[in-house]
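# Summary of structural features
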Amino acid sequence: MPDGMQDGTRLTETFRAEGITKVYETGGLRVEALRGVDLTLYEGELVVLLGPSGSGKSTLLNILGGLDLPTAGQLFFKDLELNACSPHDLTIYRRDHVGFVFQFYNLIPSLTARENVALVTEIAEDPMAADEALEMVGLEHRLDHFPSQLSGGEQQRVAIARAIAKRPDVLLCDEPTGALDSKTGVVVLEALDRANLELGTTTALITHNAGIKDMSERVIRFADGQIISVEENPHKKAPEELTW
Amino acid sequence: MVIRIDSLNRKLFRDLWRIKGQALAISAVVACGIALMISSFGTVTVLEESMNAFYDRTRFADVFASLKRAPDSLKEDIERIPGVSVAETRIIAAVNLDLPNMAEPATGQLLSLPERGTPLLNDVVMLSGRYPSAQRPNEVAVTDAFANAHKLSVGDSFKAIINGNKRSLEIVGLGMTAEYIYALGPGSLMPDDRQFGVMWMGRQALAAAFDLDGAFNNVTISLQLGASEEEVIRRLDTLLEPYGGVGAYAREDQLSNFFLNNEITQLRTSGAIFPPVFLLVAAFLLNVVVSRIVATEREQIGLLKAFGYNDLEVGWIYLKLVLILVVAGLAMGMALGSWMGGGMITMYTTYYKFPLLDLGIDPGVLTSAAIVSLIAGLVGGLGAVRQAVKLSPAVAMAPPVPTSYKTGALSRFFSQFTISQPTRMIFRHVTRFPVRASLTTIGVAFSVALMIMSLFFLDSVERVIDVYFFQAERQTLTVSFVEPRPATVEQEIQHLPGVIQTQPTRSVAVRLRNQHLSDRKSIIGIVPGADLNRLLDSDQKTIEPPPGGLALSKHIAQDLDLKLGDMVTVEVLQERRPVEEIKIVRLVEEYLGFQAYMHIDAVNRLMREGPTVTGIHVMVDSHHADDLYATLKDTPGVAGIAQQTATLASFRETMDNTMNVMIGFYVALASLIAFGVAYNAARIALSERSRALASLRVLGFTREEVTYILLGELGILTLVSLPVGCVLGYSMALAMSPMLATDLYNFPFVIENSTYGWSVVVVCISAAFCGLITRRRVFGLDLVTALKTRE
């Protein structure tokens, strides 16, 4: 199947990156984190980014998420040229379009599960109810628990609920199962998968864990700041079928 | 040689560098406390030592007595009183001065010098020129303060009305004396070197001028070691009684010495009140900061212990941090304190005329400053250091569990209202760490309180000025006479140019006695319906002089353990020296110069005299003031003219020079405390929550929204601390007001609304300033690290 075609229909592009480079210069040391990355992500697809530490996948995710700007190259989110955005525009972009899921959950300890989700729904344009988002990740019975009263998997599911509650266009997940055991990890991936399917959110997922690639539609491999391969996965598996 | 700094010390210095802002704030607060302590106590030491040195050098007398006239032969009887070491007789006379650069009259105090040699007691230290010659009646030595005020020097002349004759006096020397270190003119409240001058003349010349040949009207005595002062005074009084003695008094009641010692006492009190406040705040800040460092470094602590460092070695790192901050504060405080002390001593030299020693480094004061600051440091830091020592390596290296929160009563209360999650975060954080929130609140409240406590002085002094100068003593000037005069003198004064209104007064020197307690005071006779010089109650309503009985200053009543309705023994110290039991029929609240009051007729009855006055209060038409002054200058028998405006002006000037400087300093310190506490609170909140805040930024919150979450808490705590601080300041001022009262004045407890207002404004500005600084840091938060790092 050629890029951009599925069942013969042209897919809508969510991201289009052309020649993205990112150079960090700290204390005279020059690090090329990304060296000319071209990539297109389509609406509703779930991609897994694989690669060793320092291969540039997190840098790309940060740039896609509007946390960082590329040193060179062009990046479009739909029609928005992200590389030309001001910091404030990037904040608005994140607020309106992006959902983040972090490795260490990054929940606000002083807010309950429901309130952590409400944190985002309060500033979003067309959010779902916080309860609804938590129900999607199977936490309808833990609404009023504080992060300290939840297990790691539960905390990550709250984080996913928080990310999807605004009905984002993209969901960016950096090692979402990195801090979890495999059994709990599956539950978290199920929540992500369900959000992707039901909301049609473009989802990019970084992992070290090769087993997870089977739930994606495409697997993008990184090495030395470049994409070394893009692999289609015709036999997408459900998270419960995954093993690692 | 290579200096080897081991890695732990390197870590310590880097930690210090990282928290340099907070470290500086803590050290600065320590420094302020130490500086206050060193400058107050250092100045006390300088004043005391200089005073004692000067007293020794000039052989300052132990007992003083004035009388009308006694033959020189009486001196031998005085010397025979057991306990008397040296007795020296002399002549003292008040004269009016006519100075070329002054329209208003000035008063001079002429003191005789012995015919041969230098005075045995109360010697004059000649700064330039020489002692006046006994033979030349027109030669005088004057205090250099008086000469400076009138730009006179050795060789210059001025005119004086001596016993009715205007004479030209030539200045042959400039000197200083222990008797007039604080040179108060008759009826004055503040030294004014323009209006009042002390001068010395040969004994013979002075005796001739005042018809006191072969006689004296003043005697001073030094006592033998171990002599009973009280007994000497008693015998001296008996001896002088037939010669018009007005009661001998001891050095402690000598006016100049009394003021000087009062100042020293007050300085010592403020030196004891303020530094502990600062050191307490410093201890609190240390505790907060070091606790936070230990909390953020728990993994490092675990690691060090896992590597084999023992608890003591680990504890020592953090203890060293505490010590460095305290020692830095101590060093800064010593430098600042020496500088401030120098300034205070310079200030004192303008009011207290005696050679002041340099502010040396008093090892005693330094040692106590060091001990006190170390105690403060340990009190503040030890708890935090103990946390580091207690951590077990296994626990320390495991990631901390997320801080647990609960929905408390307060949260449930707030959940009734629709509040945004960021606002909820602010409230949850405040209620989750109630101790820390309260400490921050108390810290900021302290600075509000300190401001109020400092500004309270101004309110208090303004009240004193208002009551004393504008409500109680409304005369333009008071003419006092050398001898009591018949009351008809009032009519004479009324006819002088420029006189609008007059009011007679009668003052009598008395000893008030209640069993073993006694106090040398004056009874002031007041006329009913007085309009110029009025007696006021605590609500500033005029009190009519009681027809019989005594109205007594509350302060004296307390000193003598007397209450309303008690009988007090009044021993008159002049004229016929009657002794009577008089009932206290009224207690009067006074702020300045505590006295006893009676109806003027009652005073005259007590003195077995007809209508008599010792002074006239006068209200003057300012257009004709100069004419009146010119007339009064040439009027014999006028002992002095006390001008209210001049007194008020010098009072204000003194306040400006002394109090305002101190108050400005305290206001600066209060702002520093507010800033230090708020800045520490904000920085700690930032370091604890930077990851959460960065996450929020990632989730799409703007910088301003995130700043709101961080600084909202500081805002709330500051807001809460304002009323707390006002109440605290009120209580502190209330507690301090009686502590500052001396035998000279009361500080009435008055706090104007503007004082609360200014305190609140200054503290808010201070907090806002620190908010601005913190905001810059929030803006610089690194969003990417938030994704990766664990708490």
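Here, the structure is the one placed above.
How each quantity is defined
Residues numbered from 1 in each chain as written. Chains lettered and ligands numbered in written order. Predicted model: local features only at pLDDT ≥ 70, side-chain atom pairs only at ≥ 80, totals over all residues. Heavy atoms only, no water. Helix = DSSP H or I, 4+ residues; strand = E, 2+ residues; numbered from the N terminus. Buried < 20%, exposed > 50% of the residue type's maximum accessible area, 1.4 Å probe, protein only. Contact = heavy atoms within 4.5 Å. Areas by Shrake-Rupley, 256 points an atom, 1.4 Å probe, with all protein chains shown as cover. Lys, Arg positive; Asp, Glu negative; His and termini not counted. Charge placed at Lys NZ, Arg CZ, Asp CG, Glu CD. Salt bridge = Lys/Arg side-chain N within 4 Å of Asp/Glu carboxyl O. Pairing = 2+ DSSP bridges. Axes fitted to C-alpha atoms, helices over the stretch in contact; angles between N-to-C directions. Parallel < 35°, antiparallel > 145°, perpendicular 65-115°, else oblique. Left-handed = near helix turned anticlockwise from the far one by under 90°. Nonpolar A, V, L, I, M, F, W, Y, C, P; charged D, E, K, R; others polar. Buried area = accessible area lost by both parts, 1.4 Å probe. Polar contact = N/O pair within 3.5 Å; in protein donor to acceptor, adjacent residues only side chain to side chain. Expected span 1.5 Å × (residues − 1). 1 Å grid on protein atoms, 1.4 Å probe; cavity = no way out; pocket = protein on both sides within 12 Å on 5 of 7 lines; lining within 4 Å. Points joined across faces, edges and corners; volume = space filled by probe spheres on them.

## Regarding the overall build of chain B
Secondary structure assignment for chain B yields 23 helices and 22 strands. Along the first, second and third principal axes, the C-alpha atoms of chain B reach 100 × 70 × 50 Å. Relative to its 791 residues, chain B shows a buried fraction of 57%. Summarising the internal contacts of chain B: among those between residues at least 6 apart in sequence, 82% fall at separations of at least 24. Of the roughly 33,000 Å² of accessible surface on chain B, a fraction of 58% belongs to carbon and sulfur atoms. Positive and negative charge centroids in chain B, built from 69 and 75 side chains respectively, lie 14 Å apart.

## Quick word on the pattern of salt bridges
For the coordinates displayed, the defined rule picks out 44 salt bridges over all chains. Across the pair Asp68(A) and Lys22(A) runs a salt bridge whose closest N-O atoms are separated by 3.3 Å. Remark: Lys22(A) occurs in strand β3 (residues 13-26) and Asp68(A) occurs in the loop between α1 (57-64) and β6 (72-77); sequence separation between them is 46 residues. Note that Glu48(B) is salt-bridged to Arg268(B), the shortest N-O span being 2.8 Å. Taken together, the positions of Glu48(B) in helix α2 (residues 20-58) and Arg268(B) in helix α7 (residues 255-296) put the pair 220 residues apart, joining distant regions of the chain. Look at Glu48(B) and you get partly exposed, because its relative accessible area is 27%.

## What about the sheet that holds β6(A)?
All names here are of chain A. Ordered in space as β4-β3-β6-β7, the 4 strands form an open sheet in which the pairing is antiparallel. Of all strands in the sheet, those with a lone pairing partner are β4 (29-42) and β7 (80-81), marking the two edges. Bridging between β6 and β7 involves 2 bridges; their strand directions are antiparallel. Paired with Phe76 across the strands is Glu81, a residue of β7. Strands β3, β4 and β6 of the sheet are contacted by α1, whose axis makes an angle of about 60° with β4.

## Topic: the sheet that holds strand β8 (residues 98-101) of chain A
Residues and elements named next belong to chain A. The 6 strands lie next to each other as β8-β9-β10-β5-β11-β12, forming an open sheet whose pairing is mixed. Every interior strand has two partners, whereas the edge strands, β8 and β12 (226-232), have only one. Neighbouring strand axes in the sheet, compared pairwise and without regard to direction, differ in orientation by 20° on average. Two elements, strand β5 (residues 46-50) and strand β11 (residues 218-223), share 4 bridges in a ladder whose sense is parallel. Bridged to Val48 within β11 is Val219. Here helix α6 (residues 182-199) sits on the sheet and contacts β5, β8, β9 (170-174) and β10 (202-207); the angle it forms with β10, its principal contact strand, is near 155°.

## Some points on the packing of helix α14 (residues 434-472) of chain B against helix α21 (residues 703-740) of chain B
Residue and element names in this part refer to chain B. Two numbers describe how α14 lies on α21: the axes approach to 6 Å, and their chain directions differ by 45°. When the axes of α14 and α21 are compared, the pair comes out oblique. Crossing angle aside, the handedness with which α14 passes α21 is right-handed. A breakdown of the residues in the contact of α14 with α21 according to their chemical character gives 21 nonpolar, 7 polar and no charged.

## Here we look at the interface of chain B and chain A
Accessible area lost on assembly of the parts is the figure often given for the size of an interface. Listed as interface residues are 31 residues of chain B and, on the opposing side, 33 residues of chain A. Of the roughly 2,900 Å² buried at the junction of chain B and chain A (both faces included), carbon and sulfur atoms supply 61%. Where chain B meets chain A, there are 12 residue pairs in polar contact (both at pLDDT 80 or more). Mapped by element, the contributors of at least two residues to the side of chain B that touches chain A are α13 (421-432), α20 (659-698) and α23 (783-788) of chain B. Looking at the side of chain B that touches chain A, the element that brings in the most residues is α20(B), giving 6 residues.

## Let's talk about α2(B)
All names here are of chain B. Its 39 residues place the ends of α2 54 Å apart at the C-alpha level, agreeing with the 57 Å of an ideal helix rising 1.5 Å per residue. Burial of α2 is extensive: 29 of the 39 residues sit out of reach of the surface. A positive backbone phi angle near 50° is found at Arg59, which sits one or two residues after α2.

## Some details on empty space enclosed by the protein
Using a probe with the size of a water molecule, rolled over the atoms, empty space left in the structure can be pinpointed. All names here are of chain B. Under the defined criterion, the tally for this structure stands at 8 cavities of 30 Å³ or more. By volume, the largest cavity is sized at about 160 Å³. Elements represented by at least two residues in the lining of the largest cavity include exactly α14, α20 and α21. For the lining of the largest cavity, the element with the most residues is α20, which contributes 5 residues. Grouping the constituent residues of the lining of the largest cavity by class yields 10 nonpolar, 2 polar and 3 charged.

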